[in-house]
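# Summary of the model geometry
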Amino acid sequence: VLELLRGVQRGSEDRKRSLSRLRWALQNKETQQKFVRLDGSIRTLIGLFTSSLADMQMEAARCLHELSHSSDPAVAEACLPVTSYLLTYLSGHSVEFTELCLYTLGNLVVESEAVRKQLLPQGIIPVLASCIQSPHEAVLEGLGYVLSQLLQAKEAPTEIIPLVLDSVLPQHMLRLVCSGLKAGIGAAVEFAWCLHYIVCSHTANAALLSLGALPALTSLLLDLASEIPQDAPEGLELLVCPVLRCLSNLLAEETGSEVQIQDERLLIALFLIVQRFLQQHPFIVQESLWLLNNLTGKSDEPFFCSALLSLDLLPALLQLLPCSQMASVLVLTVLCNIAEKGPAYCQQLHQQPALPLLLPTLALPDPEVVGQCLELLHLLFLHWPEAAADFVRQDGHRALQQHQSTPELQERAQALLDMVGQPLGASAFSPCHATLSAFS
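Quantities reported herein were computed from a predicted structural model and do not represent experimental measurements.

### Overview of helix 4 (residues 41-49)
Most of helix 4 sits inside the fold, with seven of its nine residues counted as buried. The complete set of buried residues in helix 4 reads Ser 41, Ile 42, Thr 44, Leu 45, Ile 46, Leu 48 and Phe 49.

Written out as structure tokens, the structure is:
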């Protein structure tokens, strides 16, 4: 390592060769640590990185990029003097050089809080904002990478996100995400995750909603669902996932009617997405169900519950019950959202083959799944007593009896047994509110 550094420092004819060999050597973790401890090593690299010789400058940039891959914070902090130059070189130069600088910055901010604290006063956010209108997909993808790393930092909600919101970045990120496949899937994926990290901070949601994030992302999801039956590009799930999460989190906010969405095509899009990714990427099923839960969960808004029934999507929803533990919980939660809307909704649930599918669910060993199933049965029996009678005819009470000895379920199981033990239409259904207060 020392010999390679000397070869670079001497300025001999084979300097570029020494620099190229050094780059390959710096792919090794131990070499990285040894290199930054050598006197003048980083200073030498910076000298070549800022030189007027384009080929030397590019090789030095590649060496710095290799160093930035180190998981050792000491290596990242040794690179602190280069950060201001990395920012400077984001404007101009070749696309490849700009891309290298972006990924080097992104790697450094992951490993070192000291690097992040130095970059913020140096104006990294305004510099990134000036890059986001680049016509080059490679530059945009690298920019998205830097931003996503910054937005995941522990200090992001207080120190980074406010700066991002005060810049032009959010509207351009939303534009690039919503251009979807047209702008290149790599850049769209990076910026979709950036939006997700911003939304997760909650304090930024009002700003994103004011930019029209909800209708824009809804429209994107409709477009993505329409692309799926055709030759969908590899990695589409990496874009679908953060878009689903952003919509779910934005809908979870207590927002005014001016940002509500009422478009039944969104339900069709969700089930198309589930169908497409069920086998290869089952995690998308969970994300889709979480969004479906937030769409149907508003107590004062029955639009999506009505649409799910009128579009005859209930059988498709019920088929997802056995997919996974989390899928089971979410499917049952969506069914509870529907049942909470009252007798007419419970009647339709009863007319569909819901009860025969719920009986095997009651036999599962998972208390969370069974507990959510008991919640659904409580709502069905309460609003549509005929369901209770049908449940008894199918020996459902036996399935309830097996949970009388499960501590976290026994009270609710017993309360349901009391409900199904009453004659149809009897006033004894009403006191169950008090007995089953734990459900709500």
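### Notes on the pattern of salt bridges
Tallied over the full model, the rule gives eleven salt bridges. A salt bridge links Glu 159 to Lys 117; its shortest N-O distance comes to 3.7 Å. With Glu 159 in helix 12 (residues 156-165) and Lys 117 in helix 9 (residues 113-119), this residue pair connects regions lying 42 residues apart in the sequence. When the shortest N-O distance is used, the salt bridge between Arg 398 and Asp 395 registers 3.8 Å. We classify Arg 398 as exposed; its relative accessible area is 53%. On the basis of relative accessibility, which here comes to 39%, the residue Asp 395 falls in the partly exposed class. Here the residues in one salt-bridge network are Arg 23, Glu 59, Arg 62 and Glu 96, joined through shared partners.

### Brief notes about helix 17 (residues 236-252)
An α-helical turn contains 3.6 residues, so a residue and the one three or four places further along point in the same direction. In this model, helix 17 (17 residues) spans 25 Å end to end at C-alpha, consistent with the 24 Å of a helix rising 1.5 Å per residue. Extensive coverage of helix 17 is indicated by the burial of 14 of its 17 residues.

### Concerning the state of the cysteines
Within the structure shown, the criterion is met by zero disulfides. Note on Cys 323: no disulfide assigned, nearest cysteine sulfur contributed by Cys 373 at a separation of 16 Å. Here Cys 323 falls in the partly exposed class, since its relative accessible area comes to 36%. In this structure Cys 373 is not part of a disulfide, and its nearest cysteine sulfur, from Cys 336, lies 8.5 Å away. Using a relative accessible area of 0% as the deciding quantity, one classes Cys 373 as buried.

### Re the packing of helix 10 (residues 124-131) against helix 11 (residues 137-151)
The N-to-C vectors of helix 10 and helix 11 enclose an angle of 150°; their axes lie 10 Å apart at closest approach. Accordingly, the angle class assigned to the pair helix 10 and helix 11 is roughly antiparallel. When you trace helix 10 past helix 11, the crossing you get is left-handed. Judged by residue contacts, Ile 124, Ile 125, Leu 128 and Cys 131 of helix 10 engage Leu 140, Leu 143, Val 146, Leu 147 and Leu 150 from helix 11. In the contact of helix 10 with helix 11, the residues fall into nine nonpolar, no polar and no charged.

### A look at the nonpolar core
Membership of the largest hydrophobic core comes to 158 residues, with the highest contact counts inside it found for Phe 49, Leu 67, Met 173, Phe 191, Leu 317, Leu 362 and Phe 381. Among residues more than four places away in sequence, those in contact with Leu 362 are Val 370, Cys 373, Leu 374, Leu 377, Phe 391, Ala 399, Leu 400, Gln 402 and His 403.

### A closer look at the side chain of Ser 328
Relative to the helices and strands, Ser 328 is located in helix 22 (residues 325-339). Taking relative accessible area as the criterion, Ser 328 reaches 5% and is therefore assigned buried. Excluding anything up to four places from it in sequence, Ser 328 contacts Leu 321, Pro 322 and Val 369.

### A short note on unusual backbone geometry
Most peptide bonds take the trans configuration, and most residues that are not glycine carry a negative phi. Residues other than glycine seldom take positive phi values, yet Asp 312 does so here, at roughly 60°. Tracing the backbone shows Asp 312 in the loop between helix 20 (303-310) and helix 21 (314-318). Phi angles above zero are rare outside glycine, and Asp 395 is one such case at about 65°.

### Examining the confidence of the model for the protein
Predicted confidence across the protein gives a mean pLDDT of 87, with 92% of residues reaching 70 or more. Scored below 50 in pLDDT, residues 422-440 shows 23 contacts in the model against residues more than four places distant or in partner chains.

### Considerations on the domain arrangement of the protein
Domain parsing of the protein yields domain 1 (1-122), domain 2 (133-251) and domain 3 (300-421). On a C-alpha basis, the centroid separation for the pair domain 2 and domain 3 is 36 Å.

### A few points about the packing of helix 13 (residues 169-178) against helix 14 (residues 185-200)
Where helix 13 meets helix 14, the axes come as close as 8 Å, and the angle between the chain directions of the two elements is 130°. When the interaxial angle is binned, helix 13 and helix 14 end up oblique. Every pair of crossing elements has a handedness; the one defined by helix 13 and helix 14 is left-handed. Residues Met 173, Leu 174, Leu 176 and Val 177 of helix 13 form the contact with helix 14, whose participating residues are Ala 188, Phe 191, Ala 192, Cys 194, Leu 195 and Ile 198. In terms of residue class, the contact of helix 13 with helix 14 is made up of ten nonpolar, no polar and no charged.

### Some words on the environment of Gln 348
With respect to the helices and strands, the residue Gln 348 is situated in helix 23 (residues 343-351). Accessibility expressed as a relative area gives 34% for Gln 348, which makes it partly exposed. The spacing of Gln 348 and Ile 338 is ten residues in sequence and 9.7 Å in space, taken between C-alpha atoms.

### Quick look at the environment of Leu 313
Residue placement: Leu 313 occurs in the loop between helix 20 and helix 21. When its relative accessible area of 12% is taken as the criterion, Leu 313 is described as buried. Each C-alpha atom of the pair Leu 313 and His 93 lies 54 Å from the other, and the pair is 220 residues apart in sequence. The residues touching Leu 313, leaving out its near neighbours within four places in the chain, are Leu 267, Ile 268, Phe 271 and Leu 308.

Parameters and conventions
- Residues numbered from 1 in each chain as written.
- Predicted model: local features only at pLDDT ≥ 70, side-chain atom pairs only at ≥ 80, totals over all residues.
- Heavy atoms only, no water.
- Buried < 20%, exposed > 50% of the residue type's maximum accessible area, 1.4 Å probe, protein only.
- Helix = DSSP H or I, 4+ residues; strand = E, 2+ residues; numbered from the N terminus.
- Salt bridge = Lys/Arg side-chain N within 4 Å of Asp/Glu carboxyl O.
- Expected span 1.5 Å × (residues − 1).
- Disulfide = S-S within 2.5 Å.
- Axes fitted to C-alpha atoms, helices over the stretch in contact; angles between N-to-C directions.
- Parallel < 35°, antiparallel > 145°, perpendicular 65-115°, else oblique.
- Left-handed = near helix turned anticlockwise from the far one by under 90°.
- Contact = heavy atoms within 4.5 Å.
- Nonpolar A, V, L, I, M, F, W, Y, C, P; charged D, E, K, R; others polar.
- Core = buried A, V, L, I, M, F, W, Y, C linked by side-chain atoms within 4.5 Å.
- pLDDT = per-residue confidence, 0-100.
- Domains from an automatic or database assignment.

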